[in-house]
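Below, each chain spelled out in residue letters.
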Amino acid sequence: MSHNRRTAARSARILGVSAASAALALSAAGSALACSLADFSAAALCDGGKGVITVTDKDASGVPAVVTVYLENNGSDLRQVGEQTVIGTKEGAQVQFAEEWKPGAVYRVHVTATRGTKTFVNDDIPLLTAPAKACAAEQTAKPSPSTSRSATGKPSPSASASTPAGDDTTATASGSAAAPAPGGNEVSPAAQESNLAETGADSNTPVIAGIAAALVAVGGAAVFFGMRRRGAGNRH
């Protein structure tokens, strides 16, 4: 019996040590995942020539946090810059506040992180001091004179000079179109004379007319003499 008791007591001690180790491990893991003020940081930066204040949340547990930024003046809040909600990640989640900060300006960043009824953080991170040099405004390149002229759509001098030539060409084209083309439907004087020659109005016309008149005269004489002979026969 004494041996069994010693064995049972040893087993109980082993189980107790294991349970205590597990509890410590769980407590350490819970502490590592818990949201804390150390998970938050802030910086005054420049974005495209504009000033911004960036707040980063590296809370791996993802507890929602409300971030409020104030501009300080001699240890008191001069004005509120803005307020945003951020949900942290292991890599770091960021929120930005547009602020044309001046060199050396001081800002207070307050963080309130709660989940349900439990509050993890309700405190200020260390005061943020802006850099000694302000953000430089971006400079846009000015277009060259040739680019500006082409952008306005106005013709260049060479194009303007070529415009009258185009008008002359148009006038010439219209004038040539209005003038009758050679070989068209209109009949030239030479063609008219040729047509008259083909119809008989040439130098042989008087000869033919004389022959016709002589035949008419001969026919008339024959008729006359025939009628006289018939009249004489009737008298006999």
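Above: the structure in question.
Okay, so let's go over this structure. Remember, it's a predicted structure, so these values are computed and weren't measured experimentally.

## Section: the overall build of the protein chain
When its secondary structure is counted, the protein chain shows 5 helices and 8 strands. In the protein chain, the share of contacts with a sequence separation of at least 24, taken over all contacts with a separation of at least 6, comes to 61%. Accessible area of the protein chain: about 17200 Å², with a carbon and sulfur share of 59%.

## Notes on the pattern of salt bridges
Per the counting criterion, the structure on display carries 4 salt bridges. Between Arg108 and Glu72 there is a salt bridge, with the nearest N and O atoms lying 3.8 Å from each other. Of the two residues, Arg108 sits in strand 6 (residues 106-115) while Glu72 sits in strand 3 (residues 64-73), which places them 36 residues apart along the sequence. Accessibility classification places Arg108 together with Glu72 in one group, the buried group.

## Remarks on the state of the cysteines
Per the counting criterion, the structure on display carries 1 disulfide. The residue that forms a disulfide with Cys46 is Cys135, at a sulfur-sulfur distance of 1.9 Å. For the disulfide bridge between Cys46 and Cys135, the dihedral angle about the S-S bond is near -90°, and by the sign convention the bridge is left-handed. A residue pair is termed long-range when its members are at least 10 positions apart, and Cys46 in strand 1 (residues 40-47) and Cys135 in the loop between strand 8 (128-129) and helix 2 (145-152) qualify at 89 residues. Overall, the relative accessible area of 43% leaves Cys46 in the partly exposed class.

## Brief notes about unusual backbone geometry
With a phi close to 55°, Asn74 is a non-glycine residue in the positive phi region. Relative accessible area serves as the criterion here: at 80%, Asn74 is assigned to the exposed category.

## Structural notes on the pairing of strand 1
Where strand 1 and strand 2 (residues 50-57) come together, 8 bridges link them in antiparallel fashion. In the strand pairing of strand 2, Ala44 is matched with Ile53.

## Considerations on the pairing of strand 4 (residues 76-87)
Both faces of the sheet carry side chains from a regular strand, because those side chains alternate between them. Strand direction decides the pairing type here: strand 3 and strand 4, joined by 10 bridges, are antiparallel. Counted as the bridge partner of Thr68 is Glu83 from strand 4. Joining the antiparallel neighbours strand 3 and strand 4 is a turn of 2 residues, in which Asn74 adopts a positive phi near 55°.

## Considering the nonpolar core
Judged by nonpolar contacts, the single largest core of 26 residues is most densely connected at Phe40, Val67, Val69, Val86, Phe97 and Tyr107. When residues of this core are traced back to their parent elements, those giving at least two are strand 1, strand 2, strand 3, strand 4, strand 5 (93-98) and strand 6.

Scoring rules and cut-offs
- Residues numbered from 1 in each chain as written.
- Predicted model: local features only at pLDDT ≥ 70, side-chain atom pairs only at ≥ 80, totals over all residues.
- Heavy atoms only, no water.
- Helix = DSSP H or I, 4+ residues; strand = E, 2+ residues; numbered from the N terminus.
- Contact = heavy atoms within 4.5 Å.
- Areas by Shrake-Rupley, 256 points an atom, 1.4 Å probe, with all protein chains shown as cover.
- Salt bridge = Lys/Arg side-chain N within 4 Å of Asp/Glu carboxyl O.
- Buried < 20%, exposed > 50% of the residue type's maximum accessible area, 1.4 Å probe, protein only.
- Disulfide = S-S within 2.5 Å.
- Pairing = 2+ DSSP bridges.
- Core = buried A, V, L, I, M, F, W, Y, C linked by side-chain atoms within 4.5 Å.

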